[in-house]
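Reading the structure
Each chain, letter by letter, is given below.
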Amino acid sequence: LAGAPSLAPMGLGMCGPMLIGHGTDAQKAYYLPRILSGEDYWCQGYSEPASGSDLASLKLRAESDGDHYVLNGSKIWTSMAHDATNIYVLARTDRQAKKKQEGISFFLVDMKTPGITLRTIRNIAGHEEFCQVFFDNVRTPKENLVGELHKGWTIAKGLLGFERLNIGSPRRPLQALEKLEMLAQARGLLTDPAFAERFTQLKLDLADLGSLYGRYVDKARRGEAMGPDVSILKVWSMDTYQRLSELLMDAAGEYGAVEGEVAFGETAIDVLSPFYNSRPGTIYGGSNEIQRNILAKYVLNLPS
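Please read these numbers as outputs of a predicted model, since none were measured by experiment.

Bringing unusual backbone geometry into the picture now. Look at Trp 77: it is not a glycine, yet its phi comes out positive at around 60 degrees. A positive phi angle is found at His 150, which is not glycine, with a value near 70 degrees. Within the fold, His 150 resides in the loop between β8 (145-146) and α3 (152-167). Note on His 150: relative accessible area 28%, which makes it partly exposed.

This is the structure we're talking about:
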């Protein structure tokens, strides 16, 4: 409610639930308390330079060597990897598999392991938020394999369900709505019929999102798996967030392109921050185009 930054979801919201469903007793006993305490801070090793929305085309290899797997390749757009203590990684363990979704395994890796190097990447706002992570003969113990060998794709899809639940939270667009309402009051825009119509429509869309989100949170509380229909949360949340951020810039008028906080009467508002943060939202976690394909195929059963 105060607008404080949220905790990064890769541990609490994604790796933790995944381990509860697929981890060994030893993995759960060791990692879950450390995730809850904040001692371990996780990042996600999914995307690669040539494998984004087509994640199953990934090339990073993991080869058996004694009591370890040896990883070679790279991951990219790895959020907050430069702060992380651990990374969960999808790697190809069977290059002869007939389908590209087969032959992929899921590993847990300590970021201090020799052979891991990082290259930070600046986002549109100029902040170092992402990294490319390079794996050069990185050895991870075989007990860090999650689930069965070559069966990591099923685990990866299950984790993505929790990622889309997190992305679908109304928290981000709610913060943008609060800024928009403050700005509108400061500039006297709420009495303008055209602005009031757009503002009210977005406020109602956000109320719908909150109701929908609550249904999926209840499902998670009951321990049920996230089905393909959770994609609607991700699409609705990020589309609404972008439309709110665009109206916020419109409402700021000539100050809509000014970085940092801008004074509007006695109110100071960072107008550009929601715009910057909402831009990648329709891409990460699986692009909204891919999410619509999932909904069309697996929920609406439309023909290919």
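Picking up after the structure, the text goes on.
Attention now goes to the nonpolar core. Leu 180, Leu 183, Phe 195, Tyr 216, Leu 233, Leu 244 and Phe 264 are the most contacted members of the largest nonpolar core, which has 29 residues in total. At the level of elements, α3, α4 (171-187), α5 (193-221), α6 (231-252) and β9 (261-264) are the ones that each hand at least two residues to this core. Core analysis: the next-biggest nonpolar cluster, separate from the first, contains 24 residues, Cys 15, Tyr 46, Leu 90 and Leu 159 among them.

Here we take up the packing of helix α1 (residues 9-22) against α3. Remark: α1 packs on α3, axes separated minimally by 9 Å, with the N-to-C direction vectors making an angle of 140 degrees. The angle between α1 and α3 falls in the class oblique. Here α1 and α3 pass one another in a crossing that is right-handed. For the pair α1 and α3, contact is made by Pro 9, Gly 13, Met 14, Cys 15, Pro 17, Met 18 and His 22 and by Ile 155, Leu 159, Phe 162, Glu 163 and Asn 166, respectively.

Applying the stated criterion across every chain yields a total of 9 aromatic pairs. Residues Tyr 30 and Tyr 31 carry aromatic rings whose centres are separated by 4.8 Å and whose planes lie at 85 degrees to one another, so their mutual orientation is edge-to-face. Exposure remark for Tyr 30: the relative accessible area of 45% places this residue in the partly exposed category. For Tyr 31, a relative accessible area of 8% gives the class buried. Against the face of Tyr 69 rests Lys 142, its NZ or CZ located 5.2 Å from the ring centre. Above the face of the Trp 236 ring, Arg 243 is positioned so that its terminal group lies 5.8 Å from the ring centre.

Another point: the pairing of strand β10 (residues 267-270). Taken together, the 4 bridges between β9 and β10 define a ladder with antiparallel strand orientation. Bridge pairing in β10 places Glu 261 opposite Asp 270. Here β9 folds back onto β10, and the loop between the two strands holds 2 residues, one of which, Gly 265, carries a positive phi near 65 degrees.

Quick look at the environment of Asp 218 now. Position of Asp 218 relative to the elements: it lies in helix α5. Spatially, the C-alpha atoms of Asp 218 and Glu 48 are 33 Å apart, while their sequence positions differ by 170 residues.

The next subject is the packing of α3 against α6. The N-to-C vectors of α3 and α6 enclose an angle of 30 degrees; their axes lie 8 Å apart at closest approach. Taken together, the axis directions place α3 and α6 in an arrangement best described as roughly parallel. Remark: the crossing between α3 and α6 carries left-handed chirality. Where α3 abuts α6, its residues Arg 164, Leu 165 and Ile 167 lie against Ser 231, Leu 233, Lys 234, Ser 237 and Met 238. A breakdown of the residues in the contact of α3 with α6 according to their chemical character gives 4 nonpolar, 2 polar and 2 charged.

For the chain, per-residue confidence averages 92 on the pLDDT scale, and residues scoring 70 or more make up 99% of the total. Of all the helices and strands in the chain, α3 carries the lowest mean pLDDT, 88, while strand β3 (residues 68-75) carries the highest, 98.

Further remarks concern the side chain of Asp 205. Structurally, Asp 205 can be placed in helix α5. For Asp 205, a relative accessible area of 7% corresponds to the buried category. In terms of polar contacts, Asp 205 uses its side chain to reach the side chain of Arg 243, at 3.1 Å. Filtering out sequence-adjacent residues up to four positions away, Asp 205 remains in contact with Trp 236, Thr 240 and Arg 243.

Assignment of secondary structure puts Thr 113 in the loop between β5 (104-110) and β6 (116-122). Looking at Thr 113, the relative accessible area reads 14%, which means it is buried. Not counting the four nearest positions on each side in its chain, Thr 113 is found in contact with Val 138 and Arg 139.

With that settled, the discussion passes to a nonpolar patch on the surface. A cluster of nonpolar side chains, namely Tyr 298, Val 299, Leu 300 and Leu 302, defines an oily patch on the protein surface of about 400 Å² accessible area. When you line up the elements, Val 299 lands in helix α8 (residues 288-299). Of the residues examined, Val 299 reaches a relative accessible area of 34% and is grouped as partly exposed.

Scoring rules and cut-offs
- Residues numbered from 1 in each chain as written.
- Predicted model: local features only at pLDDT ≥ 70, side-chain atom pairs only at ≥ 80, totals over all residues.
- Heavy atoms only, no water.
- Helix = DSSP H or I, 4+ residues; strand = E, 2+ residues; numbered from the N terminus.
- Buried < 20%, exposed > 50% of the residue type's maximum accessible area, 1.4 Å probe, protein only.
- Core = buried A, V, L, I, M, F, W, Y, C linked by side-chain atoms within 4.5 Å.
- Axes fitted to C-alpha atoms, helices over the stretch in contact; angles between N-to-C directions.
- Parallel < 35°, antiparallel > 145°, perpendicular 65-115°, else oblique.
- Left-handed = near helix turned anticlockwise from the far one by under 90°.
- Contact = heavy atoms within 4.5 Å.
- Phe/Tyr/Trp six-rings, centres within 6.5 Å; stacked < 30°, edge-to-face > 60°.
- Lys NZ or Arg CZ within 6 Å of the ring centre and 35° of its normal.
- Pairing = 2+ DSSP bridges.
- Nonpolar A, V, L, I, M, F, W, Y, C, P; charged D, E, K, R; others polar.
- pLDDT = per-residue confidence, 0-100.
- Polar contact = N/O pair within 3.5 Å; in protein donor to acceptor, adjacent residues only side chain to side chain.
- Patch = residues over 30% accessible without salt bridge, like charges linked within 9 Å, V, L, I, M, F, W, Y side chains within 5 Å.
- Areas by Shrake-Rupley, 256 points an atom, 1.4 Å probe, with all protein chains shown as cover.
- Salt bridge = Lys/Arg side-chain N within 4 Å of Asp/Glu carboxyl O.

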